[in-house]
Structures are given as structure tokens and as C-alpha cells.
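These are the residues of each chain, in order.
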Amino acid sequence: MSKEGLREKAKVYINGRLIGFHDKPLQLTKDIIGSRRISQIDSQINVAYDEKTNEVYINSDSGRVQRPVIVVENGKSKLTEEIVKKLQKQELNWNDLVEKGIIEYLDAEEEENAYVAIDDESITAEHTHLEINPIGIESIITSMIPYLEHNMAGKALHGAKMFKQAAGISYVNPKYRMDTEGYLLYYPQKALVKSKTMDLLKMDVRPQSQNFVVAIMPFYGWNAFDAVVLNRGAVERGLGRMAYYRTYDAVQKRYPGGQKDKFEIPTEETVGYLGAEYYKSLGEDGLAEVEAKVDGKTAVIGKTSPPRFLEEVSEFGVVKEKRREASETVRKQKSGHVDEVIITEDLDGSILAKIKVRSDMIPEVGDKFSSRHGQKGVVGAVIPEEDMPFTQDGIKPDLMLNPHSIPSRMTVGHLLEMLAGKASSMQGEQIDGTPFNNVPLSELKKMLKEHGLREDGKEIFYDGITGERIEGEIFTGVVAYRRLYHMVAHKMQARSRGPVQILTRQPTEGKEKEGGLRFGEMEAETLVGHGSSMLLHEKMIEDSDKVTELVCEKCGIIAVNDKIRNRKYCQVCGSTKVYPVEMSYGFKLMLDELKALGMYPILHLRDKV
Amino acid sequence: MTAGKKSKIKTKKIVEKAVVETKPVEVPEVETGKEWEQLGVPKSVWKTVEKFSEAKKLSESDVKKLMQLAKQEYDKTVVEVGEAVGIVAAQSLGEPGTQLTLRTKHFAGAAEVSVGSGIQRVEEIVDGRSKAKYPSMTIYLAEDVRKNKNATEEFANSLLDVRLRDIVQMDEDFKEKFIVWQLNDERMAENKMDAGKIIKKIEKLIPKKVEVVKRGTRITFNFSKRAQLKDIRKLMLKLLKKRISGVSNIETVIVTKDKKDEPVIKTRGSNLKAILRKREADPVRTITNDLEEIAKVLGIEAARTMVVKELYGTLKDNNISVDVRHILLLADLITFSGEIKGTVRTGIMRDKASPFAKASFEETVKHLLEAAFYGEREELKGVVENIIVGQPIKVGTGTVELIMK
Ligand SMILES: [Zn+2]
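This structure is a prediction, so every number in the text was calculated from the model and none was measured.

Trainee: Explain the overall build of chain B to me, please; I cannot follow it from the model alone.
Mentor: A tally of regular secondary structure across chain B gives 19 helices and twelve strands. Among the 405 residues that make up chain B, the fraction classed as buried is 34%. Within chain B, counting contacts between residues at least 6 apart in sequence, those at least 24 apart form 57% of the total. Accessible surface, chain B as shown: approximately 27100 Å² in total, 53% of it carbon and sulfur.

Here is the structure:
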């Protein structure tokens, strides 16, 4: 074949590898799809033709995401009523549909060639496929958002992201699981407004939300900037309450020479003994008792290790071996009760103990809540029930959402869910809010009217403190809210003094190490910009790693202070003309490192005033 | 208490009120602007005052009062001793810099001249890169050319750098040892060139010893059978590279109008030296965005002005307003050494005296080793150096020291 001839032919790739050329790429794709539809080739093979580059891609490899759609031919869905009837009689099943080419799986590349109608009515002659259900265009998680089609795309994404952070019942065996971290909502409820996907996932059996009575109103500024106000009465009745689990483990390690670790309550002789109050929750076996209260930093597994150096011989022969403290302690700020204790063996046959500590996380100021529409917020205040505003029926909202959260975000779905939730709670049954295919607003209004409520969902409220009627009507409804696992109790941190790093003598970083917040380069520059030289000095030196070192005037090098002979002298020249100089330990460290590199940094001194 | 009797009770004094008095700046009696200037008021300030007074016909005493106020206001804006001007400039330029986008601006209509704008251009200037990525000139025209549309067009086309290879189609026959050049009519038309003139120009370029047959727009080179192929090649390549019209480096020209509706020529590619020599160009207003070239042709002060202009303009195009004094400081820093040096480790950082300042910027180990090799001294004059050592920096409240007496 000549080169010229090849240029006109379409390149054919299988799994990304060029395997040949073809005259009629369109016919080729059509043939492959045709034989797939009559099950001559596997249903997982996809073929796509790119008109721009004149290339045919055939894919059969693993790792492609496929999705099923109904085949449409000549403007008619292949899933006819006849077939639907057969399906209902269970004469046909899913696999039959795939085999018969009524339903086929598309991958991302083949989808580029497809024109998928969203429902039966919108099929035209050009369409090649039909969605099985319109929610097929959304992901599993996204399609759990009710009235999704009324929301902004970005908010749908937000909402979907937060499904992953919600506490609920995420597994069926919470009692037996020993996850390092786990969350369990105490009183989860079925969502009043559900979607079909939730049914398929059996979310009613493993729910992750609670239905909050929500009023969209400001409350004395406590719910400014996306904060929400909770009703203390509701919180005390168990609203949003959840358990936080953390598992600690320890192994009785065996060392060469017959030595091994031991689970026990360490005695006072133990090296690194923490103090009696740190071992108060331990039982005789060195493990914490079930349901014992454990505070932050106290031991849950008492363990001692053999001494590091065996033959510590004193003048009177071998001393009694001094064991080292090696207990497993509860993390700071994660106190609670011991939930489960397990003793088992690890892969090496050593004894392994696992202790699960449970902490009750009662909603408090700073905890995070979110509806399914990406409307997340932090608790700004928990208001006593008697101070909460109430309706003429005496209903007090569980949560008050700031009205400013709505217009700019355009989460109309949230408002519709409020109406639907309200209607559902009056009706006594769940309402279908499946995206694209839900109970319409007119229906919701009718339902509300039937139950003697206003069809616009508004209520008249009275101030709980003054008893006066609140001006204006307040939109109220029921929304499924989720408790997210970000909690202040685990994040709050402050430091005025605390541990320092051994190497640099600067304050430690990070919450676990009681660290400070870094006053970094850019922060330092702001002080320079303001000319606050002394403040900068205080932050960087006085509050950090200030030291007073002796410096030899002659050599310009750090001198020593011999405290035994009470003599300050230079180790290089022996001179006693050494002077104290304030500097940062970091600088002293740098001088040492320069010396280690073979450089000789000389400090020239001058009188300080 | 009866009148006339003095009370015997002496009351202790209390602070009635605390007043911080502000004294007006003492202004000596002066009449002319020159003496004002000696006081430290720049010409632009007193000229404005004078102009205003004249326009409003102010009395002499009023003029003095106004001058006094102007001096006060001016003094307020003068930077104070100990102000960290460098950091403030860096922050003032850096913060809005985060809003700059990676955009390439295309001129509307003819998609020919595109100039990197936004962060790309700012980076280019600040880093002092020797070549602009999109070198471009704005050529203003001499008055007679400006008014004549045809002359403008003609001048613009004459600038275009056209090499022989751009307009000639070559057929080689190495067996018979002859080469045919055919002028490409399309290309000629594109560049608005006259075939006759071109042929004449080509003839001049061809060495005398080569035998040439000319027929219309076709030139045939006949070589002797003994001629080396290598030599023929060499000659041809050399010839094809020859420029037949235009100015080197000018790749594209378009005639557009500037903001004041005056016709200007915008080019892609830049050759300031050659353009300034052209009679048709206005040598005063014609500019290029290639800073290196400006420094070479017009001197470093011109380059400094251009740095300010370009930076200010680029930021302004992106709706960012920065006080020009920050930019002036930066421009001074870039150009004070006599050549353009960017704020990078190969630029002004290299000239820094302080080894600590250099080490804390980039390539720490290298700079420390170098300092050790040459026995450098750290004078601890700068900001970073003193932070490293752990001493108060000599800025703001750190500029003063106590003296014991
Ligand atoms: Zn010494």
C-alpha cells in the first residue's frame, strides 16, 4: 500500500495500540457495535470513532467506567412495552436485556459518539440511546440529593462531597469493628424526602441523617456567616448526638534473649513512671476495664518493656532489672469510656490487645452540620429551649438557618426539600424527591393545604424571650441534616508555653505535640513592613529560642562556662575574656553546623549600649 | 465665702486636660518658586499652587496660606526615616500580583501582534529576562507620513523583514548542475512587492562569477560541471538568507490607531536602532517593549523609565492600581547597576554584599561555602541577617538605640 493511500484511511487502535488501517471507519464501528448487540462479542467491548483525527478506538481493557443505557434505533426505544411486561412477569431479566442488545454499556469514549435522550418523550430520530432513568446522568451519591435539578451544579458537588463526611450508621457491625477511628450517629432517622437511589442503597436501613425542623430566620446574630443555631432542648433530646470511637492497641513484644513486654500496671520503680492517677482506669491485667472512664493522656493499656541495656551492674552485683514504661495512653482531647477490649494474637504469635474508647460527642458551638444541598454551617449557638421562637402551634425549630445562605447559592432544592419534608411529616409517609422525577411543587402545596398548613410553607413566629410576635412570616420546613465529623473538641488548640524541639529549641509544631502556630516568613515580613522591629524580635527570639551564649572576644567563637570550677573561658585560646551574647539558638546551631563543615565563623563583638 | 477673703485651703493641682499641641510648620517668607524648591517642595507641587492661584486670582496672603498647606500636605506624604520601603513595595506589588492571570492579550481584529500581558509580562520585567517573549514595537510616524494613508501603508510594508527564501521557490537539478528560482507571485502580492524591482535587487546580490539566465520572474543558475555540490549548496543557502527588504527581526506589521486615534504601526519583533534611523518614524515617541534593547540603544535611564511604564501599564490593564513609588523603587533596584538585573539569584541577589541575605534567598550551601572561601564579612545591616542572628532589625522602632551618659 502506498503512503498516500494510508493517509486517507482511518487508523484503528485496540486498547491504545495501533493495529491497522481501515477504509470505512464508520462501517467498522457500526459492525462492531452491531455484533455486540447480538452478543457475538462481549458486552464490555466499546468502540468509538473520532471524526477529527479519523481514528477508531476499540477498547476491551480493564479500568474503564461503563454505564448502561437503553438502545434507541430509528427514533424508537428498543425497550418496548411488550418487553417491560415480560420483565414485570419476570420472564426476562437484566442479562437478557444486555444479551438482546436492548441495553448496552457505554464507556467514556463511546459516549462521545452517542446522543442520549433523557426520557421517552424527548426521543428524536437523531438519538442513539435513552437513559434508563434520568438520574443515570448523576453519580450514585449526587443522585441522593432530593430535588437536585433545582440546584446549582457547584452546590450539588458540595453536597455530594459532604455525604462522605457525614456520621451515620455506615456499617452493620459497629460493635465488633475495631477501626482506628469511627463515628456513629446515635438516633439516625430515615430521610423524609428520599430518592430512588437511597432505596436501592437501602439508606432507610443505614440512615445517616436526622430530620430537623428548620426555620430560615436570623437569630440575634448567632447564625451570621453560615452559622446555625441549635435548640438546646432538641440537643438534650439527642439531636445530632453521636459517638466517636478510637482504637488503641499494643503488642507484648518478644525480644531476643527471652525478654518480653508485659501488660501490667507499672510500678513506681518503672523508668518513666507516669504517676498513679494515670493508671487509675487499668484493671489487674494492665488493660482498662470495660466502661471505665478514661481521660486524655491516661493509660488504656499498661505496658512495661525490659531495660534497653541488660547488664546494668552496680557495685553490689547485678541490680534488679529496671523495666521501662511503655503504656498506650489516650490521645489528648479524646477522653471517653472504654467500649470494647479485645485480646488476641498478632501474626507473630505475640499477644495483642486492642481497646476501643468511645466518646460522646454532643453538638456544641463549633460543630459542623450540613443539609444535602451543600448548605453546611457551624453551630454558632445552642439556645435554651425556652428562649427559642415558637409558632402558633407551639413548634420550636431544631435549627435556624440564616436567610442570607439561600439567594446567592441558589439552592432551591433545599427550599423544596423543606416543603416536601413538612408535607411528608403531616402525611406520615416518605416523599419521593428523586432528581428529575419527583413530587412536584403543586402537589406539595396541595398536601400542605389539606393538612391545614399554609401552602407557601410560612409560619407566624413568636419571640421566645419577649413573647412578642415576630414581624414577617418565616419559612419553615423539615430537612434531613447530617452531622459532619469535623468537631471542635478534636481541633481546638492553643499554646502559651509548652514543649520545644530538641534540635532547634524552637516551639514544636502541630496539635498532637501541643505546638504553637507558626509565625512564618510572610508574617514576619508584615511586622517589618510596619516597622515593629521590637515586636518582631520578641516573636522570633524571646518567645522562641533565645539563648545567652558566651563568646570569646579574641577568636569570635562560642566559649564555655565550666560550672564545676566556676570558670568561663574560650576552649580555643584559653582566654577568659568571654562575654555573654544574646542570640537565637537557631543561630548558634548554624554556627556549629558551619564549623562541622570546616568553616570558621568569627563573631565580632561590640558593646551593647 | 465672702468676697475679698482668700481661701486658706490650698487645693492640689490635678490634670485638667491633656493636650497634644500641633504646631503649624513654620514657613519662612518666600516669594518665588525657586526658594520653595529649596525647602524641599518639588517643582510639580509649587507649580500647581501657582497655577491655581493665578487662575483663581488669589490674594498674596492667600497664596502664602495655600503654599503653607501644600507644604504640610506634601510633608505628610514623604516617607519617614526607618520605613521599610522595600518590604512595603514588595507587599504592595505582590498582593495584587496574585490576581494577575496567565492571559495572553490579543489585539482585536488582526490576530497578528499579541503581547504577553498579566503575570507573564510582569515576571519578565521583574526577573529582568534578557529577551521579551513577545517583542513588539509601537512606531509613531513623522508628521507627513502620518497624514498620508498610502505612505503609512508603504512604510509599514517596507519594514517587514523579507528574506529571499520567503519569496523564492527553488528547484534543484544536481545532475545537470543547474538551479531554478521562481518568484512566488502569491508571496509577492502578500508583501506588496514589485517583481521587476525584486529581480534587480536579486541580481545585485548574486556574485559576478555565477552564470545567470533571467527570464521574466524566473532565474536560472548554471554551474560548471566541475563545481562541487557542497559549494553550490553553500552559496544557495547564503543567498536565500539575504534580506531583500525590510528591517531585520520585524516579523509582522499592522497599522492601527492608538488611544488618541493617531495612526501607529505595531510590529511583532523589534529593532529599535534601525527604526529610529528611519526618516518616516518619529524618533521621540517610537517605543519597543524590549527593555534590553532600550538599555542598549537609548541608555539605562530610558530603560528604567520603560520598566516603570511597562509595569504600571500592565498592572493598570488588569485593573490593579499600585502607587507608582513602589514601582519606581523596584525600577531603581533593577537598573541602578547600569544594566538591567532582575530580582533573581542571577540578578541583583548576586550583587548583594551580605552572605546571609544571599544564603537565605536561594542555594544556601553554595553561598555559605563561597563566603567561607573568600572570607567574607557579614555586616548585619539588612533585615534578614538580623533576624537570623537574633537581633532587633534596624527598621522602624529598631532604628534608634539608647546611649548611656
Ligand atoms: Zn578564644
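Trainee: Would you explain the pairing of strand β32 (residues 474–483) of chain A in this entry?
Mentor: Looking along a regular strand, one sees the side chains alternate between the two faces of the sheet. All names here are of chain A. With respect to burial, β32 is a largely interior element, ten of its ten residues being buried. Neither face of β32 is open: one carries Ile474, Thr476, Val478, Ala480 and Arg482, the other Phe475, Gly477, Val479, Tyr481 and Arg483, and all of them are buried. Pairing between strand β12 (residues 210–216) and β32: six bridges, direction antiparallel. Considered in β32, the bridge of Asn211 is made with Ala480. Taken together, the two bridges between strand β30 (residues 458–459) and β32 define a ladder with antiparallel strand orientation. Each bridged residue has a counterpart across the sheet, and for Glu459 the counterpart in β32 is Ile474.

Trainee: Even after reading the chapter, I still don't get the interface of chain A and chain B, so can you show me in this structure?
Mentor: Interfaces are frequently sized by the accessible area removed from exposure as the parts join. Taken together, the contact pairs 21 residues of chain A with 25 residues of chain B. Summed over both sides, the interface between chain A and chain B buries roughly 1900 Å², with carbon and sulfur atoms accounting for 69% of that surface. Where chain A touches chain B, the interface holds zero salt bridges. Counting every contact that joins chain A to chain B gives seven residue pairs in polar contact (both at pLDDT 80 or more). Secondary structure elements with two or more residues in the side of chain A that touches chain B: α12 (521–530), α13 (533–545), β36 (578–584) and α14 (585–596) of chain A. For the side of chain A that touches chain B, the leading source of residues is α13 of chain A, giving six residues. Class assignment of the residues belonging to the side of chain A that touches chain B gives a composition of eleven nonpolar, eight polar and two charged.

Trainee: Would you mind showing me how to read the domain arrangement of chain B here?
Mentor: On domain assignment, one finds that chain B holds domain 1 (34–78), domain 2 (84–134 + 289–340), domain 3 (136–159 + 250–288), domain 4 (162–245) and domain 5 (352–399). Placing a centre on the C-alpha atoms of domain 3 of chain B and another on those of domain 4 of chain B gives a separation of 31 Å.

Trainee: Sorry, what's going on with the coordination of the zinc ion here?
Mentor: When a metal carries six donors in an octahedron, the ideal angles between them are 90 or 180 degrees, while four donors in a tetrahedron ideally lie at 109.5 degrees. All names here are of chain A. Taken together, the protein donors to the zinc ion comprise Cys552 (SG), Cys555 (SG), Cys570 (SG) and Cys573 (SG), at separations of 2.0 to 2.3 Å. Because the angles between the four donor atoms bound to the zinc ion fall within 103 to 118 degrees, the donor set is best described as tetrahedral. Every donor residue of the zinc ion comes from the same chain, spaced as C-x2-C-x14-C-x2-C.

Trainee: Sorry if this is basic, but what is going on with α14 of chain A here?
Mentor: Counting along an α-helix, one turn takes 3.6 residues, and residues three or four places apart therefore face a common direction. Here α14 of chain A contains twelve residues, and its C-alpha end-to-end distance of 16 Å stays within 8% of the 16 Å for a straight helix at 1.5 Å per residue. Along α14 of chain A, the residues classified as buried are Tyr585, Phe587, Lys588, Leu589, Met590, Leu591 and Leu594 of chain A. On its buried face, α14 of chain A is in contact with α13, β33 (546–552) and β36 of chain A together with α17 (355–361), α18 (364–373) and α19 (383–389) of chain B. Looking one or two residues past α14 of chain A, Gly598 of chain A carries a phi angle of roughly 90 degrees, positive in sign.

Trainee: Help me understand the sheet that holds strand β15 (residues 262–263) of chain A, please; the structure alone is not making it clear to me.
Mentor: Pairing between the strands of a sheet is mediated by backbone hydrogen bonds and can be parallel or antiparallel. Residues and elements named next belong to chain A. Judged by pairing direction, the sheet is antiparallel, and its three strands sit side by side in the order β15-β18-β21 without closing on themselves. Strands at the two margins of the open sheet, each flanked by one partner only, are β15 and β21 (324–325). Of the strand pairs in this sheet, β15 and strand β18 (residues 303–305) are connected by two bridges, and their pairing is antiparallel. By the bridge assignment, Lys262 is partnered in β18 with Thr304.

Trainee: Where do I start with the side chain of Asn231 of chain A in this structure?
Mentor: Residue and element names in this part refer to chain A. Along the chain, Asn231 turns up in strand β13 (residues 227–231). At a separation of 3.3 Å, a polar atom in the side chain of Asn231 contacts the main-chain carbonyl oxygen of Pro397. Once residues within four sequence positions are removed from consideration, Asn231 is found in contact with Val382, Ile383, Glu385, Met388, Lys396, Pro397 and Asp398.

Trainee: Even after reading the chapter, I still don't get unusual backbone geometry, so can you show me in this structure?
Mentor: Keep in mind that most residues, glycine aside, have a negative phi and that most peptide bonds are trans. Residues and elements named next belong to chain A. A positive phi angle, close to 60 degrees, is found at Gln90, a residue other than glycine. Mapped onto the elements of the fold, Gln90 is located in the loop between α3 (81–88) and α4 (94–99). Gln90 gets classed as exposed once you look at its relative accessible area, which sits at 71%. Within the chain, Lys297 stands out as a residue other than glycine whose phi angle is a positive 75 degrees.

Trainee: In this structure, what is going on with the packing of α12 of chain A against helix α4 (residues 85–97) of chain B? I would like to understand it.
Mentor: Each pair of packed helices gets described by two things: the angle between the helix axes and the distance between those axes. At their nearest, the axes of α12 of chain A and α4 of chain B sit 8 Å apart, and the two run at 125 degrees to each other. Relative to α4 of chain B, the element α12 of chain A lies oblique. As for the relative orientation of α12 of chain A and α4 of chain B, their crossing is left-handed in sense. Touching Glu525, Thr526, Val528 and Gly529 of chain A of α12 of chain A are Ile87, Val88 and Gln91 of chain B, all from α4 of chain B. The class makeup of the residues in the contact of α12 of chain A with α4 of chain B is three nonpolar, three polar and one charged.

Trainee: Would you mind showing me how to read the domain arrangement of chain A here?
Mentor: Its domain assignment divides chain A into domain 1 (3–132), domain 2 (157–241 + 365–483), domain 3 (243–361), domain 4 (493–542) and domain 5 (546–596). Spacing between the C-alpha centres of domain 1 of chain A and domain 5 of chain A amounts to 80 Å.

Trainee: Looking at this structure, how should I read the nonpolar core?
Mentor: Generally speaking, soluble globular proteins have nonpolar side chains that are buried together. Ranked by size, the top nonpolar core spans 59 residues in total, and within it Ile139, Leu159, Ile167, Trp181, Phe221 and Met236 of chain B carry the most contacts. Of the residues forming this core, the biggest block, six residues, is contributed by helix α14 (residues 300–317) of chain B. Discounting residues that sit within four places of it in the chain, Met236 of chain B has contacts with Met170, Ile179, Trp181, Phe221 and Phe223 of chain B. In this structure, Val214, Ile216, Phe369 and Ile431 of chain A belong to the second largest nonpolar core, which totals 30 residues.

Trainee: It is not clear to me how the pattern of salt bridges should be interpreted in this structure. Could you clarify?
Mentor: Where charged atoms from two side chains of opposite charge approach closely, those side chains can pair. Inspection of every chain in the model, using the stated rule, returns 51 salt bridges over all chains. Here Arg36 of chain A ties to Glu110 of chain A by a salt bridge, and the two come within 2.8 Å at their closest N and O atoms. You can see Arg36 of chain A sitting in helix α2 (residues 25–37) and its partner Glu110 of chain A sitting in helix α5 (residues 108–111), a full 74 residues away along the chain. Given the relative accessible area of 3%, Glu110 of chain A is considered buried. Linking Lys76 of chain B and Glu73 of chain B is a salt bridge whose minimum nitrogen-to-oxygen distance equals 3.3 Å. Of this pair, Lys76 of chain B and Glu73 of chain B are both found in helix α3 (residues 60–77), three residues apart, which corresponds to roughly one turn of the helix. Overall, the relative accessible area of 63% leaves Lys76 of chain B in the exposed class. Since its relative accessible area comes to 43%, Glu73 of chain B is described here as partly exposed.

Trainee: What should I look at first to understand the environment of Thr138 of chain B in this one?
Mentor: Residue and element names in this part refer to chain B. Along the chain, the position of Thr138 falls in strand β3 (residues 136–139). For Thr138, a relative accessible area of 15% corresponds to the buried category. In sequence terms Thr138 and Asp261 are 123 residues apart; their C-alpha atoms lie 14 Å from each other.

Trainee: Got a minute to help me understand the packing of aromatic side chains in this structure?
Mentor: All names here are of chain A. Evaluation of the coordinates by the stated rule reveals ten aromatic pairs over all chains. Considering the side-chain rings of Tyr183 and Tyr485, the 5.1 Å spacing of their centres and the 15 degrees angle between planes classify their relative orientation as stacked. Separated by 302 residues along the polypeptide, Tyr183 in strand β10 (residues 181–185) and Tyr485 in the loop between β32 and α11 (488–491) bring together distant segments of the chain. With relative accessibility at 17%, the residue Tyr183 sits in the buried group. Taking the centre distance of 5.4 Å and the plane angle of 35 degrees together, the rings of Tyr273 and Tyr279 count as tilted. For Tyr273, a relative accessible area of 26% gives the class partly exposed.

Trainee: What should I look at first to understand a positive patch on the surface in this one?
Mentor: A surface patch of like charges, here positive, comprises Lys209, Lys230, Lys234, Lys238 and Lys242 of chain B. By the element assignment, Lys238 of chain B lies in helix α11 (residues 229–240).

Trainee: Please explain the environment of Gly34 of chain A as it appears in this structure.
Mentor: Residue and element names in this part refer to chain A. Its location among the elements puts Gly34 in helix α2. Looking at Gly34, the relative accessible area reads 32%, which means it is partly exposed. For the pair Gly34 and Val294, spaced 260 residues apart in sequence, the C-alpha separation works out to 67 Å.

Reading guide: rules and limits
- For every chain, the first residue of its written sequence is number 1, and the numbers climb from 1 along that sequence.
- Working convention: letters from A go to chains and numbers from 1 go to ligands, in the order in which they are written.
- The predicted nature of this model means local features are confined to residues of pLDDT at least 70 and side-chain atom pairs, given and counted, to a pLDDT of 80 or more, with totals for whole chains, interfaces and linings taken over all residues.
- Excluding hydrogens and water, the side-chain values take into account all heavy atoms of the structure.
- Strands here mean DSSP runs of E at least two residues long; helices mean DSSP runs of H or I at least four residues long; both are numbered from the N terminus.
- Categorising residues by exposure relies on relative accessible area from a 1.4 Å probe, with only protein chains included: less than 20% of the type maximum marks a residue as buried, more than 50% marks it as exposed, and the intermediate range marks it as partly exposed.
- We call two residues contacting when some pair of their heavy atoms lies within 4.5 Å.
- In this description, accessible areas are obtained by the Shrake-Rupley approach with a 1.4 Å probe, and a residue is regarded as covered only by the protein chains that are shown.
- Only strands joined by at least two bridges in the DSSP assignment are considered to pair.
- Throughout, the accessible surface (probe 1.4 Å) given up by two parts as they are put together, summed over both, is called the buried area.
- Whenever a carboxyl oxygen of Asp or Glu lies within 4 Å of a side-chain nitrogen of Lys or Arg, that contact is scored as a salt bridge.
- N or O atoms within 3.5 Å of each other form a polar contact, as long as, within protein, one can give a hydrogen and the other can take it, and as long as residues adjacent in sequence are counted only when both atoms are side-chain atoms.
- Nonpolar residues are Ala, Val, Leu, Ile, Met, Phe, Trp, Tyr, Cys and Pro. Charged residues are Asp, Glu, Lys and Arg, and all others, Gly as well, are polar.
- Domain boundaries shown here were taken from an automatic or database domain assignment.
- Only nitrogen, oxygen and sulfur atoms within 2.8 Å of the metal, or 3.2 Å for Na, K and Ca, are treated as donors, and water is left out, so sites may look incomplete.
- Only two sets of limits are used to name each site, 85 to 135 degrees for every angle of a tetrahedral four-donor site, and over 155 degrees for opposite donors with all other angles from 65 to 115 for a square planar four-donor or octahedral six-donor site, with any other site named irregular.
- The span one expects for a helix is its residue count, reduced by one, times 1.5 Å.
- Axis geometry follows a simple rule: fit a line to the C-alpha atoms, using only the stretch in contact for helices, then measure angles between N-to-C directions, giving values from 0 to 180 degrees.
- Every angle not falling under 35 degrees, over 145, or within 65 to 115 is termed oblique; those three ranges are roughly parallel, roughly antiparallel and roughly perpendicular.
- Crossing chirality is assigned from the near helix's rotation relative to the far helix, an anticlockwise turn below a right angle marking it left-handed and a clockwise turn marking it right-handed.
- In this description, a nonpolar core means a group of buried Ala, Val, Leu, Ile, Met, Phe, Trp, Tyr and Cys residues linked to one another through side-chain atoms lying within 4.5 Å.
- Between 30 and 60 degrees the pair is tilted, below 30 it is stacked and above 60 it is edge-to-face, where a pair is any two Phe, Tyr or Trp rings, Trp via its six-membered ring, whose centres lie within 6.5 Å.
- Any residue with relative accessible area above 30% and no salt bridge may belong to a patch, with like charges joined within 9 Å and the nonpolar Val, Leu, Ile, Met, Phe, Trp and Tyr side chains within 5 Å.
- In this tally Asp and Glu are treated as negative and Lys and Arg as positive; neither His nor the chain ends contributes.
- Every charge is mapped to an atom, namely NZ of Lys, CZ of Arg, CG of Asp or CD of Glu.

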